[in-house]
Amino acid sequence: APAYAADVAITGHMEMTFADEKEAAVTDSAVYEDSHFAIKASEELANGISVSVDYALTGAGGDDGGSSLTIAGPFGTIDIGETSGPIDSIDDKTDIFNAVDSGTGLTSKDAILNWKLPTMVEGLTVITAYSPTDGADHSTALADINDGSAHSNILDSVEKDVQGVAASYVAGPVTVSYGSQTVGTTDSTFVGLTATYQGLFVAYESASVDGGDEQTG
């Protein structure tokens, strides 16, 4: 029988800063540390399905967010863990402009499950995402989990009660995106457009929350 081995990669950065600060008659010296590490492993199974794991850590060994398990095959790509919500999967159209804040933070929410459907029409990408009603609850007490009095999910960086769908269509130099989602009882939508022509790049996006804020960039 053939042997299969996972490809494992460890990446990250570390920053050490020495600061000598003086305020009034008081002088403080300190060393500050900022670090992030990511462990990524991937493997293709005998049936052609690929499985990958992405685990992010802070320098202190804590969860740094974005950890997930990804399964890809003829059914599309399923990402489980700390992953993008419906709108968060397609927004950020104007992020290359540092002076523009389109307000998509209003609608960009993380979810527990993100499913990119298989290609049905050339150029069309369809994504749906979901978090259960108690998706942000967490407990580390195993006894409470076993007797059903607590939830085992510890992915407390994601939003709970998320559901929605997003789509993006590429036609030559133009990309059009639309997303709609519900977080709890709040509905929100997103529209995005990018286009390139002879070196000129144009981006537009608009995010709105039902009965609340709206911002365009």
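The sections below set out a description of the structure shown in this document. (Residues numbered from 1 in each chain as written. Predicted model: local features only at pLDDT ≥ 70, side-chain atom pairs only at ≥ 80, totals over all residues. Heavy atoms only, no water.)

1. Digging into the overall build of the protein
And step 1. For the protein, the count of helices and strands is one helix and twelve strands.
And step 2. Ordered by position in the sequence, the α and β elements of the protein form the string β-β-β-β-β-β-β-α-β-β-β-β-β.
And step 3. Residues classed as buried in the protein amount to 27% of the 217 residues present.
And step 4. Long-range pairs, those at least 24 residues apart, make up 43% of the contacts in the protein with a sequence separation of at least 6. (Helix = DSSP H or I, 4+ residues; strand = E, 2+ residues; numbered from the N terminus. Buried < 20%, exposed > 50% of the residue type's maximum accessible area, 1.4 Å probe, protein only. Contact = heavy atoms within 4.5 Å.)

2. Things to note about the pairing of strand S7 (residues 124-131)
And step 1. In terms of strand pairing, strand S6 (residues 110-116) meets S7 through four bridges, oriented antiparallel. When the bridges of S7 are listed, Trp-115 appears paired with Thr-128.
And step 2. Pairing of S7 with strand S8 (residues 162-171), which is carried by eight bridges, proceeds in the antiparallel orientation. Following the sheet pairing, Ile-127 is matched in S8 by Ala-166. (Pairing = 2+ DSSP bridges.)

3. Side note on the side chain of Ser-131
And step 1. Note on placement: Ser-131 falls in strand S7.
And step 2. Engagement of the side chain of Ser-131 in a polar contact is seen with the backbone nitrogen of Ile-112, the distance being 2.9 Å.
And step 3. Polar side-chain contacts of Ser-131 include one of 3.0 Å to the backbone oxygen of Glu-159.
And step 4. Once you skip the residues sitting within four places of it in the chain, Ser-131 turns out to touch Asp-110, Ala-111, Ile-112, Glu-159, Lys-160, Asp-161 and Val-162. (Polar contact = N/O pair within 3.5 Å; in protein donor to acceptor, adjacent residues only side chain to side chain.)

4. Examining a nonpolar patch on the surface
And step 1. A cluster of nonpolar side chains, namely Val-8, Ile-10, Ile-39, Val-53, Tyr-55, Leu-69, Ile-80, Leu-113, Trp-115 and Tyr-130, defines an oily patch on the protein surface of about 860 Å² accessible area.
And step 2. Going through the elements one at a time, strand S1 (7-23), strand S3 (50-58) and S6 are the ones with two or more residues in the nonpolar patch.
And step 3. If you trace the backbone, Val-8 turns up in strand S1.
And step 4. Note on Val-8: relative accessible area 57%, which makes it exposed. (Patch = residues over 30% accessible without salt bridge, like charges linked within 9 Å, V, L, I, M, F, W, Y side chains within 5 Å. Areas by Shrake-Rupley, 256 points an atom, 1.4 Å probe, with all protein chains shown as cover. Salt bridge = Lys/Arg side-chain N within 4 Å of Asp/Glu carboxyl O.)

5. Re unusual backbone geometry
And step 1. Residues other than glycine seldom take positive phi values, yet Asp-161 does so here, at roughly 55 degrees.
And step 2. The exposure class assigned to Asp-161 is partly exposed, which follows from its relative accessible area of 22%.

6. Brief notes about the side chain of Thr-83
And step 1. By secondary structure assignment, the location of Thr-83 is in strand S5 (residues 76-84).
And step 2. Engagement of the side chain of Thr-83 in a polar contact is seen with the side chain of Asp-79, the distance being 2.9 Å.
And step 3. Residues within four places of Thr-83 in sequence aside, it is in contact with Asp-110, Ala-111, Ile-112, Leu-113 and Asn-114.

7. Describing the pairing of strand S9 (residues 174-183)
Residues in a regular strand point their side chains to alternate faces of the sheet.
And step 1. Of the two faces of S9, the one lined by Thr-175, Ser-177, Gly-179, Gln-181 and Val-183 is fully buried and the one lined by Val-174, Val-176, Tyr-178, Ser-180 and Thr-182 carries no buried residue.
And step 2. Sheet topology places S8 next to S9; ten bridges connect them, and they run antiparallel. Looking at the pairing, Ser-168 lines up with Ser-177 of S9.
And step 3. Adjacent in sequence and paired antiparallel, S9 and strand S10 (residues 186-197) are bridged by two residues, among which Gly-184 carries a positive phi angle near 65 degrees.

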